[in-house]
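# Understanding the architecture of this molecule
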Amino acid sequence: MEMLRETFFVQGLIVSVIAAVLVKLIVWRNYHKLLASSEEMDRPKRYWIGTLKKKIENYYSLNAKVNNISCIVDKYLEANKIMGINSFFLEQIPEICGILCIGLGCLGAVKGILMNSDINFWGRNLIIGVVCGIAIFMMDYLTKMDQMKRKIKINLINYLENILPNRMLNYTKKQNYKENLENKKKEEIKKEKKQVANIEEH
């Protein structure tokens, strides 16, 4: 009960643990949506994936050569933001919270020693802070987003390098075929008009 009266210690631990878990869930949800979008590239896209797709489509439609698509995808992925905050920064918050928990445990222990408190009191502060910090580190390590980010990158590169160029080529061929048909029809109509005009003159 004496430990619970150390409000800075208890509140600090609670806030750190909740912040770490909440941020981790927010980041995971964002990457999960990006992964789903990267697996269904033919649907209308939100976020930066739609912008990237449109940009590469414009390059292909202009017959421009696109080099280093991998670098372009990396650039967009690194610029990914969640609620206006860079996702790579948010990924570091659980680690910061873990360090904060260990720091609070050490501060609680130091305060207890300076106040000549019982070893059981400040020892518990230290152990609880360290355990909470280690638990957050373990959670962060076991739920790393590296694999999900790698899948997103692979899906995007595969689509932009292999699938999109072929589709754009087929689309261009269809457009050219339609234009040729229209031109032929126009020429036939002109010939028919000339023939009618010649017949009327005679």
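A few points on the structure. (Residues numbered from 1 in each chain as written. Predicted model: local features only at pLDDT ≥ 70, side-chain atom pairs only at ≥ 80, totals over all residues. Heavy atoms only, no water.)

### Section: the pattern of salt bridges
Put simply, the rule reads: Here, a salt bridge means any Lys or Arg side-chain nitrogen found within 4 Å of an Asp or Glu carboxyl oxygen. Each helix corresponds to a stretch of at least 4 residues labelled H or I by DSSP, and each strand to a stretch of at least 2 residues labelled E; elements are numbered beginning at the N terminus. Working definition: with a 1.4 Å probe on protein chains only, accessible area under 20% of the residue-type maximum means buried, over 50% means exposed, and in between means partly exposed.
Per the counting criterion, the structure on display carries six salt bridges. Residue Asp74 is joined to Lys153 by a salt bridge in which the shortest nitrogen-to-oxygen separation is 3.0 Å. Taken as a pair, Asp74 in helix α3 (residues 69-78) and Lys153 in helix α7 (residues 146-201) lie far apart in primary sequence, 79 residues in all. Judged by relative accessible area, Asp74 falls into the partly exposed class, the value being 23%. Lys149 is the salt-bridge partner of Asp146, the closest N and O atoms lying 3.9 Å from each other. Here Lys149 and Asp146 lie together in helix α7, a separation of three residues that amounts to about one turn. Beyond isolated ion pairs, a larger network of salt bridges with shared partners links Lys24, Glu95, Asp140 and Lys144.

### Let's talk about α3
Selection criterion: The directions considered for the arc run from the helix axis to the C-beta atoms.
Burial in α3 covers these residues: Ile69, Ile72, Val73, Tyr76 and Leu77. Looking down the long axis of α3, one finds its buried residues gathered within 135° of arc, a one-sided arrangement. Residues of α3 that are exposed and point over 90 degrees away from its buried face: Cys71 and Lys75.

### A closer look at the nonpolar core
Here is the rule: Put simply, a nonpolar core is a bunch of buried Ala, Val, Leu, Ile, Met, Phe, Trp, Tyr and Cys residues held in one set by side-chain atoms that sit within 4.5 Å of each other. We call two residues contacting when some pair of their heavy atoms lies within 4.5 Å.
The biggest cluster of nonpolar side chains holds 36 residues, and the ones touching the most others in it are Trp48, Leu52, Ile56, Leu156 and Leu160. Elements with a contribution of two residues or more to this core: α1 (7-39), α2 (47-61), α3, α5 (93-114) and α7. Among the elements that line this core, the one with the most residues is α1, at nine residues. In contact with Leu160, not counting residues within four places along its chain, are Leu52, Lys53, Ile56, Tyr60, Ile69, Val73 and Pro165.

### Observations concerning the layout of surface pockets
We apply this condition: Points on a 1 Å grid over protein atoms alone make up a cavity when a 1.4 Å probe fits among them but cannot get out, and a pocket when they form an open set with protein on both sides within 12 Å along at least five of seven lines; lining residues each have an atom within 4 Å of a point. Grid points are joined across faces, edges and corners, and a volume is the space filled by probe spheres set on the points. Gly is put with the polar residues, along with every residue not named as nonpolar or charged; the nonpolar set is Ala, Val, Leu, Ile, Met, Phe, Trp, Tyr, Cys and Pro, and the charged set is Asp, Glu, Lys and Arg.
Its boundaries defined by the atoms lining it, the largest pocket holds a volume of some 180 Å³. Of the residues forming the lining of the largest pocket, the biggest block, four residues, is contributed by α1. The residue inventory of the lining of the largest pocket, partitioned by class, reads five nonpolar, two polar and three charged.

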